[in-house]
Amino acid sequence: MPVEDDLPTLKELLAEAKALTARPVPTVAAAVAAPVAIARVEVEVAAKPIAEMTSQELRWECQKQDIA
């Protein structure tokens, strides 16, 4: 049983691509495609008062601050 080739030719594909790219992009689609803004949020944890820190926490804090 022979297989029927129902695929479009290269010439047909190029003609269709040319027709599709010749149409203007709708304004809504262009607006959706472009990002408006990117938000970046940084959260900083409030430092614990030194009097309430354990010795281990004090060591870690001193290392972070490059204190010997």
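(A) Looking closely at the overall build of the protein chain. Counting secondary structure elements, the protein chain contains three helices and zero strands. Of the regular secondary structure in the protein chain, the N- to C-terminal order runs α-α-α. The 68 residues of the protein chain split such that 1% are buried. Counting only carbon and sulfur atoms, one obtains 63% of the accessible surface of the protein chain, whose full area is about 7200 Å².

(B) How the structure looks around unusual backbone geometry. Even without a glycine there, the phi angle at D66 is positive, about 55°. Among the structural elements, D66 can be located in the segment after α3 (55-64). When its relative accessible area of 72% is taken as the criterion, D66 is described as exposed.

(C) Structural detail: the confidence of the model for the protein chain. In the predicted model, the protein chain carries a mean pLDDT of 80, and 82% of its residues have values of at least 70. Mean pLDDT across the elements of the protein chain ranges from a minimum in helix α2 (residues 27-33), with 62, to a maximum in helix α1 (residues 10-22), with 89.

(D) Region of interest: the pattern of salt bridges. A full pass over the atoms with the stated rule returns three salt bridges. Put simply, R40 and E42 hold a salt bridge, and the shortest N to O gap is 3.2 Å. Given a relative accessible area of 72%, R40 falls into the exposed group.

Conventions used here
Residues numbered from 1 in each chain as written. Predicted model: local features only at pLDDT ≥ 70, side-chain atom pairs only at ≥ 80, totals over all residues. Heavy atoms only, no water. Helix = DSSP H or I, 4+ residues; strand = E, 2+ residues; numbered from the N terminus. Buried < 20%, exposed > 50% of the residue type's maximum accessible area, 1.4 Å probe, protein only. Areas by Shrake-Rupley, 256 points an atom, 1.4 Å probe, with all protein chains shown as cover. pLDDT = per-residue confidence, 0-100. Salt bridge = Lys/Arg side-chain N within 4 Å of Asp/Glu carboxyl O.

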